[in-house]
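Residue-level structure breakdown
Each chain, letter by letter, is given below.
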Amino acid sequence: QVQLVESGGGLVQAGGSLRLSCLASGRTFNTYTMAWFRQAPGKEREFVAARSWSGTRTYYADSVKGRFTISRDNAKNTLYLQMNSLEPEDTAVYYCAAGPFGAGTTIGEYDYWGQGTQVTVSS
């Protein structure tokens with residue numbers, strides 16, 4: 001029902017910035033909670049940030065708080081993740097996810113996933 005396509009990943013030096021985009025298709029997109037997760041080599045997928053459709057509720061992992069900003073443009077069906085002050089530890093495949101109203105910070109709460117986009121931060 002919902003298809004998600006990420007873009008914007010790439011190679012960046014430590015301290016640099018990158019903005020990820022997630023284009024969503026689906027008639028009910030604006031009612032979903034949207035989120036970003038990431039998975040580094042040898043590690044489990046972890047929560048990064050989430051935002052409700054109205055923008056009244058946002059959540060950030062402690063590891064990215066103050067550096068990353070999640071936003072969405074409902075008119076364009078697009079979710080963004082602005083990443084500043086990037087560190088090598090941020091290197092991972094980043095996934096866009098969509099879940100129902102009230103979804104939070106756990107993988108099991110989300111129903112739809114994108115294919116992922118690679119972010120590599122060099123030292």
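Quick summary incoming for the structure in this document.

What counts, and at which threshold
Residues numbered from 1 in each chain as written. Predicted model: local features only at pLDDT ≥ 70, side-chain atom pairs only at ≥ 80, totals over all residues. Heavy atoms only, no water. Pairing = 2+ DSSP bridges. Helix = DSSP H or I, 4+ residues; strand = E, 2+ residues; numbered from the N terminus. Axes fitted to C-alpha atoms, helices over the stretch in contact; angles between N-to-C directions. Contact = heavy atoms within 4.5 Å. Polar contact = N/O pair within 3.5 Å; in protein donor to acceptor, adjacent residues only side chain to side chain. Disulfide = S-S within 2.5 Å. Buried < 20%, exposed > 50% of the residue type's maximum accessible area, 1.4 Å probe, protein only. Salt bridge = Lys/Arg side-chain N within 4 Å of Asp/Glu carboxyl O.

Quick word on the sheet that holds strand S3 (residues 18-25)
In a beta sheet, neighbouring strands are held together by backbone hydrogen bonds and run either parallel or antiparallel to one another. In space, the 4 strands of this open sheet follow the order S1-S3-S8-S7, with antiparallel pairing throughout. Each edge of the open sheet is held by one strand with a lone partner, namely strand S1 (3-7) and strand S7 (68-73). Direction aside, neighbouring strands of the sheet carry axes that sit 15 degrees apart on average. Pairing of S7 with strand S8 (residues 78-83) involves 6 bridges; the strand directions are antiparallel. Opposite Arg 72, over in S8, you have Leu 79 as the bridge partner.

Details of the environment of Arg 67
Along the chain, Arg 67 turns up in the loop between strand S6 (58-60) and S7. Put simply, Arg 67 and Ser 85 are 18 residues apart on the chain and 6.2 Å apart in space, counted from C-alpha to C-alpha. Other than its neighbours up to four places away in sequence, Arg 67 contacts Gln 82, Met 83, Asn 84, Ser 85, Leu 86, Glu 87 and Asp 90. In terms of polar contacts, Arg 67 uses its side chain to reach the backbone carbonyl oxygen of Ser 63, at 2.9 Å.

A closer look at the state of the cysteines
According to the stated counting rule, one finds 1 disulfide in the structure shown. Paired by a disulfide, Cys 22 and Cys 96 hold their sulfur atoms 2.1 Å apart. Looking down the S-S bond of the Cys 22 and Cys 96 bridge, the torsion is -80 degrees, so its handedness is left-handed. One end of the pair, Cys 22, is in strand S3; the other, Cys 96, is in strand S9 (residues 92-99), and 74 residues separate them in sequence.

Topic: the pairing of strand S11 (residues 117-122)
On a regular strand, each side chain points to the face opposite its neighbour's, so the side chains alternate between the two faces of the sheet. Alternating residues of S11 divide into Thr 117, Val 119 and Val 121, all buried, and Gln 118, Thr 120 and Ser 122, none buried. Two strands pair when backbone bridges link them, and strand S2 (residues 10-13) and S11 are joined in this way by 4 bridges, in the parallel orientation. In the sheet register, Gly 10 faces S11, and the bridge partner there is Val 119. With 3 bridges connecting them, S9 and S11 associate as antiparallel partners. In the strand pairing of S11, Val 93 is matched with Gln 118.

Some details on the pairing of S8
Counted residue by residue, S8 has 5 buried out of 6 residues, so it is predominantly covered. Note that S3 and S8 share 6 bridges and pair antiparallel. Looking at the pairing, Leu 18 lines up with Met 83 of S8. Taken together, S7 and the strand that follows it, S8, pair antiparallel across an intervening segment of 4 residues, in which Asn 77 is found at a positive phi of about 55 degrees.

Digging into the pattern of salt bridges
Counted under the stated rule, the structure contains 4 salt bridges. For the salt bridge of Asp 62 with Lys 65, the shortest nitrogen-to-oxygen distance reads 3.3 Å. Look at Asp 62 and you get exposed, because its relative accessible area is 67%. A single network of salt bridges, built from pairs that share partners, joins Arg 38, Glu 46, Arg 67 and Asp 90.

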